[in-house]
Amino acid sequence: MPIVTPLKMGNKILLQIAEQVNDYNDESLNTIIQDMKDTMDYYKGVGIAAPQIGVSKRIIMYGFDKNPRYLNEKPVPFRILCNPEYIPLDNDQEEGWEGCLSVPGLRCLVSRFKNIAYKGYDFNKKEIVNIEASGFHARVIQHEIDHLDGMLFPFRTDNIKSLSFEDELNI
Ligand code: NI
């Protein structure tokens, strides 16, 4: 089951608090992560969270060099993180367009913290990593961690009138 059709908004799994990963060496993680990778690549996501493929575990994957869904954004290094957490580094927020493989065809302006520090268990490096990020990189992390807490981007907006079909926007 390499490429999975992402669950769509309305599916209850997307509204759940996902479970912590307790054993980083659990063999079943390899299959979940491969399915996430195949699905993210096929649907050209900048990130994906395990609940989007129906697995309610705290695993996210993200990163791109150039992405056709977000043409103007700078590259973000590829990583797979288990049990990720973030904290804002200051109170600065910025509004930006977001989309999601679980909300196909729609975009919305969402305010996110501009500068964050985040950490998690890096599945490739086999260690906890601590990273600072700003701008779109920070936005992707906040969006993906939201998936682990049952939050989708339209729930976050304070600008509901910006909710738009992609083909009506010039972004
Ligand atoms: Ni998403």
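The structure under discussion appears in the preceding block.
All values derive from a computational prediction rather than experimental measurement.

Asker: Just to check I follow, could you spell out the coordination of the nickel ion for this structure?
Answerer: For a metal bound by four donors in tetrahedral geometry, the ideal donor-metal-donor angle is 109.5 degrees, whereas six donors in octahedral geometry ideally sit at 90 or 180 degrees. Coordination of the nickel ion by the protein is provided by Cys100 (SG), His143 (NE2) and His147 (NE2), with metal-donor distances spanning 2.1 to 2.3 Å. The motif formed by the donor residues of the nickel ion, counted along the single chain, is C-x42-H-x3-H. Here histidine 147 and histidine 143 lie together in helix H2 (residues 135–148), a separation of four residues that amounts to about one turn. A relative accessible area of 1% means that histidine 147 is categorised as buried.

Asker: Teacher, can you tell me more about helix H1 (residues 28–43) here?
Answerer: Since the α-helix advances by 3.6 residues per turn, residues separated by three or four positions end up pointing in the same direction. In a regular helix each residue adds 1.5 Å, so 16 residues correspond to 22 Å; H1 covers 23 Å between its end C-alpha atoms and thus fits that length. Here H1 has its buried residues at Leu29, Ile32, Ile33, Asp35, Met36, Thr39 and Met40. Looking down the long axis of H1, one finds its buried residues gathered within 160 degrees of arc, a one-sided arrangement. Positive backbone phi, at 55 degrees, marks lysine 44, one or two positions downstream of H1.

Asker: What should I look at first to understand the nonpolar core in this one?
Answerer: The nonpolar side chains of soluble globular proteins are, as a tendency, buried together. In terms of nonpolar packing, the biggest core is built from 20 residues, with Ile60, Tyr62 and Tyr118 touching the most fellow members. Elements with a minimum of two residues in this core: strand E2 (59–64), strand E3 (76–88), strand E6 (115–122), strand E7 (127–134) and H2. The greatest single-element share of this core, amounting to six residues, is contributed by H2. The residues contacting tyrosine 118, other than those within four sequence positions of it, are Tyr62, Arg79, Leu81, Glu85, Tyr86, Val129, Asn130, Ile131, Ala133, His137 and Ile141. Formed by 17 residues, the second largest nonpolar core is a distinct cluster that contains Leu29, Met40, Ile59 and Tyr121.

Parameters and conventions
Once a new chain begins, its residue numbering starts again from 1 and follows that chain's sequence as written. Only residues with pLDDT of 70 or above have their local features reported here, since the model is predicted, and side-chain atom pairs are shown and tallied only from 80 upward, although totals for entire chains, interfaces and linings are computed over all residues. Computation of side-chain values: all heavy atoms of the structure, hydrogens and water removed. Metal sites are built from N, O and S donor atoms within 2.8 Å, or 3.2 Å for Na, K and Ca, and they leave out water, so they may look incomplete. Here a helix means four or more residues in a row that DSSP labels H or I, a strand means two or more in a row labelled E, and each is numbered from the N terminus. Summary of the burial criterion: residues with accessible area below 20% of their type's maximum are buried, those above 50% are exposed, and those between are partly exposed, where the area comes from a 1.4 Å probe applied to protein chains only. In this scheme, a helix's expected span is set at 1.5 Å multiplied by one less than its residue total. In this description, one arc is meant: the one made by directions from the helix axis to the C-beta atoms. Working definition of a nonpolar core: buried Ala, Val, Leu, Ile, Met, Phe, Trp, Tyr and Cys residues. They are joined through side-chain atoms within 4.5 Å. Every residue pair with non-hydrogen atoms within 4.5 Å of one another is taken to be in contact.

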